Amino acid sequence: VIHAQGAWDMYEGDTSIIIGISDDGIQQDHEDLAPNIALNTKEIPDNGIDDDANGYIDDYNGYNFAYQMDGTKPGSTESIESYGHGTKVTGLAAAATNNGIGIAGIGYKSKFFPMKTAKRTGGGIVFGYQSLIYAAQRKIPVVNTSWGVVKPLSPIDQSVIDYCLASNTMIVASGGNHGADEPGSAWRWMNFPASYRGVLGVGETSTDDKVVPTSGVGINADIYAPGYSAYTTEAPGGYTSFQVQGTSFASPMAAGVAALVRGKWPALSPLQVAEHIRQTSDDISSGNQ
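(A) Looking closely at the side chain of N220. With respect to the element layout, N220 can be found in the loop between β8 (200–204) and β9 (223–225). Only 3.4 Å separates the side chain of N220 from the backbone oxygen of A186, close enough to count as a polar contact. Apart from the residues lying within four places of it in its own chain, the contact partners of N220 are G175, H178, A186, W189, M190, N191, A194, S195, G201 and V202.

Pasting the structure below:
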């Protein structure tokens, strides 16, 4: 539906383009994800030392912002809460390609870096904006945030987004699943971070280009992707489409596209990449009156 194969025929991406995955946990040893992790080679894994002096211990193949709350290792992003939400998200953006198993991530040759921003026991995202600061400090080109909440605008949160943009880090965010809460809520309510200035918000469609009724729309969604019932990687292993519904799974598809665009046209800023994606996408409005 999104013509990914046609895009790959023209450009397969670049391994230097990293997609940061800010989520509740990512299975780092999954057979279809492990080969595509962008290793921080300046760090020595699991030695309890901040080798690269960036303020984060053992961030070699991922970073666990909640490790002190979890009593787990700072370099371990494993979590199977929420039906392996982060692992499912990651596969859609950046599963390994042409390896004879599983699926292909939309970002094709793009790599990813896992960032665990929730407690191991669940309870929602706690360190989301901290992970964005981390990504900006490391100059990660694209970050996917398949999380958010309907709430008042926060100038502090907006300043984090602004810092990311100034650091050449693009933020792609799920547009929210509040569309069916009450009539008109999808238009009237703003889900953040998708609705912050400079963020590419993503709504959800089915594979027939119909906007899913629960999807955030309007300012929440600059673009749409067919995340509904998509087949992806599962924690602790394997593949599934179970519980794959919501804008959480549309967002990583757009993040994979963003990684391709950033690799193809590296001179474009995050805002220019977002607008390029929006302007060159199919107009599905006529089928969603």
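(B) Seen up close, the side chain of D24. Topologically, D24 is positioned in the loop between β1 (18–23) and β2 (63–64). For the buried D24, no salt bridge is present, and the opposite-charge side chain at shortest range is K116, 8.5 Å distant.

(C) Representation of the environment of V202 within the structure. When you line up the elements, V202 lands in strand β8. Using a relative accessible area of 0% as the deciding quantity, one classes V202 as buried.

(D) Inspection of the packing of helix α4 (residues 128–137) against helix α5 (residues 155–166) at higher detail. Interaxial distance between α4 and α5 falls to 9 Å at its minimum, and their mutual angle equals 20 degrees. The orientation of α4 relative to α5 falls into the category roughly parallel. Crossing angle aside, the handedness with which α4 passes α5 is left-handed. Within the contact between the two elements, α4 uses Y129, L132, I133, A136 and Q137 and α5 uses D157, V160, I161, Y163 and C164. Classifying every residue of the contact of α4 with α5 by side-chain character gives eight nonpolar, one polar and one charged.

(E) Region of the structure containing the nonpolar core. If you look at the biggest cluster of nonpolar residues, it comprises 39 residues, and the most contacted ones within it are I19, F112, M170, V172 and I277. Contributions of two or more residues to this core are made by α1 (4–10), β1, α3 (85–94), β6 (170–174), β8, β9, α7 (251–264) and α8 (270–280). By residue number, the principal contributor to this core is α7, which donates seven residues. Contact partners of I19, with chain neighbours within four places excluded, come to A93, A94, S110, K111, F112, F113, I140, V142, N144, A255, G256 and A259. Of all hydrophobic cores here, the second largest spans 28 residues; its members include A135, L165, A173 and Y196.

(F) Broad picture of the packing of aromatic side chains. As enumerated under the stated definition, the model contains 13 aromatic pairs in all. With a centroid separation of 6.0 Å and an interplanar angle of 70 degrees, the aromatic rings of Y56 and F65 are classed as edge-to-face. When its relative accessible area of 11% is taken as the criterion, F65 is described as buried. Consider the rings of Y63 and F65, whose centres lie 4.8 Å apart with planes at 85 degrees: the pair is edge-to-face. By relative accessible area, Y63 is classed as buried at 6%. Taking NZ or CZ as reference, R138 lies 4.7 Å from the ring centre of F113, over its face.

(G) A look at the pattern of salt bridges. As enumerated under the stated definition, the model contains six salt bridges in all. For K109, the salt bridge identified is with E12, shortest N-O distance 3.3 Å. Pair noted here: K109 is in the loop between α3 and β3 (111–116) and E12 is in the loop between α1 and β1, with a separation of 97 residues, a long-range link. According to the relative accessible area criterion, E12 is partly exposed, its value standing at 33%.

(H) Structural context of the sheet that holds β9. Pairing is parallel across the open sheet formed by seven strands, whose spatial order is β2-β3-β1-β4-β6-β8-β9. Every other strand in the sheet has two partners, leaving β2 and β9 as the edge strands with one partner each. Two strands pair when backbone bridges link them, and β8 and β9 are joined in this way by three bridges, in the parallel orientation. Bridging from a neighbouring strand, V202 pairs with I223 of β9.

(I) Region of interest: a negative patch on the surface. Together, D208, D209, D282 and D283 line one region of the surface with negative charge. Inspection of the secondary structure puts D282 in the segment after α8.

(J) Expanded view of unusual backbone geometry. Residue P193 follows F192 across a cis peptide bond; omega there is 15 degrees. Inspection of the secondary structure puts P193 in the loop between β7 (191–192) and β8. Backbone torsion omega between A235 and P236 reads 5 degrees, so that peptide bond is classified as cis. Here P236 is to be found in the loop between β10 (232–233) and β11 (239–240).

(K) Representation of α7 in the model. With 14 residues, α7 extends 20 Å from end C-alpha to end C-alpha; this agrees with the ideal 20 Å at 1.5 Å per step. With respect to burial, α7 is a largely interior element, twelve of its 14 residues being buried. All of the buried residues along α7 are S251, P252, M253, A254, A255, G256, A258, A259, L260, V261, R262 and G263.

Rules of the game
Residues numbered from 1 in each chain as written. Predicted model: local features only at pLDDT ≥ 70, side-chain atom pairs only at ≥ 80, totals over all residues. Heavy atoms only, no water. Helix = DSSP H or I, 4+ residues; strand = E, 2+ residues; numbered from the N terminus. Polar contact = N/O pair within 3.5 Å; in protein donor to acceptor, adjacent residues only side chain to side chain. Contact = heavy atoms within 4.5 Å. Buried < 20%, exposed > 50% of the residue type's maximum accessible area, 1.4 Å probe, protein only. Lys, Arg positive; Asp, Glu negative; His and termini not counted. Salt bridge = Lys/Arg side-chain N within 4 Å of Asp/Glu carboxyl O. Axes fitted to C-alpha atoms, helices over the stretch in contact; angles between N-to-C directions. Parallel < 35°, antiparallel > 145°, perpendicular 65-115°, else oblique. Left-handed = near helix turned anticlockwise from the far one by under 90°. Nonpolar A, V, L, I, M, F, W, Y, C, P; charged D, E, K, R; others polar. Core = buried A, V, L, I, M, F, W, Y, C linked by side-chain atoms within 4.5 Å. Phe/Tyr/Trp six-rings, centres within 6.5 Å; stacked < 30°, edge-to-face > 60°. Lys NZ or Arg CZ within 6 Å of the ring centre and 35° of its normal. Pairing = 2+ DSSP bridges. Patch = residues over 30% accessible without salt bridge, like charges linked within 9 Å, V, L, I, M, F, W, Y side chains within 5 Å. Areas by Shrake-Rupley, 256 points an atom, 1.4 Å probe, with all protein chains shown as cover. Charge placed at Lys NZ, Arg CZ, Asp CG, Glu CD. Expected span 1.5 Å × (residues − 1).

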